[in-house]
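Report on the structure
What follows is the residue order along each chain.
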Amino acid sequence: MQWLYLGLAIIAEVAGTTCMKLSQGFTKTLPSILIFCFYGLCFVFLTMALKKMEITTAYAIWAGLGTALITIVSIVWFREPANALKIISIGLIVLGVIGLRLSSNGH
């Protein structure tokens, strides 16, 4: 169940960060409100995941996958430029997350 909570925390964090961009510096009301809603949900789910997970593993996966996913969102949705270094860096983040996941199998 903790992996489901962690996944929901990551999704909520990416949604909250996307709303930051959509809020245009808090000038758009709905996205500005949604920032706080999504981040509230994010921290609730992350806290639930931490009941049965190591904080080092959970936080690193949350931060790493959140960063990788928001980078993909920024490239696809906001049309930010993608280059080889950005793509390679996302790949390295994903490899790091996989390594952390594998390192926590014994716990």
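Residues numbered from 1 in each chain as written. Predicted model: local features only at pLDDT ≥ 70, side-chain atom pairs only at ≥ 80, totals over all residues. Heavy atoms only, no water.

Brief notes about the overall build of the chain
Under the convention used in this document: Working definition: helices are DSSP H or I runs of at least four residues, strands are E runs of at least two. Numbering for both runs from the N terminus. Type-normalised accessible area, obtained with a 1.4 Å probe on protein chains alone, sets the label of each residue: buried when under 20%, exposed when over 50%, and partly exposed for intermediate values. By definition in these notes, contact holds between two residues if any of their heavy atoms fall within 4.5 Å.
Looking only at helices and strands, the chain features 4 helices and 0 strands. Listing every helix and strand of the chain by position from the N terminus yields α-α-α-α. Along the first, second and third principal axes, the C-alpha atoms of the chain reach 45 × 35 × 15 Å. Looking at the 107 residues of the chain, the share that counts as buried comes to 32%. Within the chain, residue pairs in contact and separated by at least 24 positions form 65% of the contacts whose partners lie at least 6 positions apart.

Details of the packing of helix H3 (residues 55-76) against helix H4 (residues 84-103)
Two packed helices can be described by the angle between their axes and the distance between those axes. What counts, and what does not: Only the stretch in contact is used when fitting a helix axis, every axis being a line fitted to C-alpha atoms; angles between N-to-C directions are given from 0 to 180 degrees. Should an angle fall under 35 degrees it is called roughly parallel, over 145 degrees roughly antiparallel, and 65 to 115 degrees roughly perpendicular, with every other angle called oblique. Less than a right angle of anticlockwise turn of the near helix away from the far helix marks a crossing as left-handed, whereas a clockwise turn marks it as right-handed. Gly counts as polar in this scheme, as do all residues outside two lists: the nonpolar Ala, Val, Leu, Ile, Met, Phe, Trp, Tyr, Cys and Pro, and the charged Asp, Glu, Lys and Arg.
Interaxial distance between H3 and H4 falls to 9 Å at its minimum, and their mutual angle equals 155 degrees. Considered as vectors, H3 and H4 are oriented roughly antiparallel to each other. The chirality of how H3 crosses H4 is left-handed. The segment H3 lies against H4, with Thr57, Ala60, Ile61, Gly64, Leu65, Thr67, Ala68, Thr71, Ile72 and Ile75 engaging Lys86, Ile90, Ile93, Val94, Val97, Leu100 and Arg101. In terms of residue class, the contact of H3 with H4 is built from 11 nonpolar, 4 polar and 2 charged.

Points about the environment of Val97
Tracing the chain through its elements places Val97 in helix H4. Through-space distance from the C-alpha of Val97 to that of Tyr59 is 10 Å; in sequence the pair is 38 residues apart. When sequence neighbours within four positions are dropped, the list of residues in contact with Val97 reads Ala60, Ile61, Gly64 and Leu65.

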